[in-house]
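Survey of secondary and tertiary structure
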Amino acid sequence: MRLTHVALSVRDLDTSIAFYRDYCGMEIVHDRGEDDHRVVWLSEPGREHELIFVLMTGRPTPPQSERDYRHLGFAVEARETVDEIAARADAEGRLCWPPREEPFPVGYFCGVRDPDGQVVEFSFGQPLGPGAP
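Everything in this summary refers to the structure shown in the same document. (Residues numbered from 1 in each chain as written. Predicted model: local features only at pLDDT ≥ 70, side-chain atom pairs only at ≥ 80, totals over all residues. Heavy atoms only, no water.)

Moving on, we get to helix α1 (residues 13-24). Given 3.6 residues to a turn, an α-helix orients residues that are three or four positions apart in the same direction. The end-to-end C-alpha distance of α1 is 16 Å, a good match for the 16 Å that 12 residues give at a rise of 1.5 Å each. By the burial criterion, the buried members of α1 are Leu13, Ser16, Ile17, Phe19, Tyr20, Tyr23 and Cys24. Angular distribution of buried residues about the axis of α1 spans 160°; they occupy a single face of the element. The opening residue of α1 is Asp12, an N-cap whose side-chain oxygen sits 3.2 Å from the backbone nitrogen of Asp14. Directly beyond the C-terminal end of α1, a positive phi value near 70° is found at Gly25. (Helix = DSSP H or I, 4+ residues; strand = E, 2+ residues; numbered from the N terminus. Expected span 1.5 Å × (residues − 1). Buried < 20%, exposed > 50% of the residue type's maximum accessible area, 1.4 Å probe, protein only. Arc of directions from axis to C-beta. Polar contact = N/O pair within 3.5 Å; in protein donor to acceptor, adjacent residues only side chain to side chain.)

Further remarks concern the sheet that holds strand β8 (residues 119-124). Pairing between the strands of a sheet comes from backbone hydrogen bonds, and it takes one of two forms, parallel or antiparallel. Here four strands make up an open sheet; going across it, the order is β5-β8-β7-β6 and the pairing mixed. Of all the strands in the sheet, the pair left with one neighbour each is β5 (72-75) and β6 (95-102). Geometrically, the sheet is characterised by an average inter-axis angle of 20° between neighbouring strands, direction not taken into account. One ladder, built from six bridges, connects strand β7 (residues 107-113) with β8; its direction is antiparallel. Each bridged residue has a counterpart across the sheet, and for Gly111 the counterpart in β8 is Glu121. Packing against the sheet, α1 makes contact with β5, β7 and β8, and its axis sits at approximately 10° to β8. Taken strand by strand, helix α2 (residues 79-91) contacts β6, β7 and β8, and its axis lies near 25° from that of β7. (Pairing = 2+ DSSP bridges. Axes fitted to C-alpha atoms, helices over the stretch in contact; angles between N-to-C directions. Contact = heavy atoms within 4.5 Å.)

This part is about the pairing of β7. Most of β7 sits out of view: six of its seven residues are buried. By the bridge criterion, five bridges tie β6 to β7 in an arrangement that is antiparallel. Paired with Glu102 across the two strands is Gly107, which belongs to β7. Turn length for the β6-β7 hairpin, with the two strands adjacent in sequence and antiparallel, is four residues. Once β7 ends, the chain turns through five residues before running back antiparallel as β8, passing Gly117 with a positive phi of about 90°.

A separate point is the packing of aromatic side chains. Evaluation of the coordinates by the stated rule reveals eight aromatic pairs. Considering the side-chain rings of Tyr69 and Trp97, the 5.8 Å spacing of their centres and the 40° angle between planes classify their relative orientation as tilted. With Tyr69 in the loop between β4 (52-57) and β5 and Trp97 in strand β6, this residue pair connects regions lying 28 residues apart in the sequence. Residue classification places Tyr69 among the partly exposed residues on the basis of a relative accessible area of 46%. The class for Trp97 is buried, based on a relative accessible area of 7%. Following the ring pairs from residue to residue traces out a cluster consisting of Phe19, Tyr20, Tyr23, Phe53, Phe74 and Phe122. (Phe/Tyr/Trp six-rings, centres within 6.5 Å; stacked < 30°, edge-to-face > 60°.)

Below, the discussion takes up the environment of His30. Considering the arrangement of structural elements, one finds His30 in strand β2 (residues 27-34). For the pair formed by His30 and Arg2, sequence separation is 28 residues and the distance between their alpha carbons is 20 Å. When residues no more than four places from it in sequence are discounted, the contact partners of His30 are Val39, Val40 and Trp41. Here the side chain of His30 touches Arg32 through a polar contact of 3.1 Å, side chain to side chain.

The structure is reproduced here in structure tokens:
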């Protein structure tokens, strides 16, 4: 058994696609349907057959509260990348967790809100993905 996809309902599909392209480097690998019921698959380049995000028009969950730590996690290759993403998110009013260091296995991370208020974590130094020790 293997996790293959995560599906999210979003308010504005094109705005969410732009966010995940710009912040996460994801690309569209499948797009179907009409504007009122459109489904788009996004993936990191080269991982189209491993793990995808399915974004669909619909009713997203309410934005998370300050103490709600649900999130999508992306590993990056350097601490400086976490800082760059945090600075950009802060300038855009999206930063919800400023960069900080936590003991292993958490590492160095920040949190950014996507257009629907879902938190996306960018981390360095976790035992997963780029930057893994």
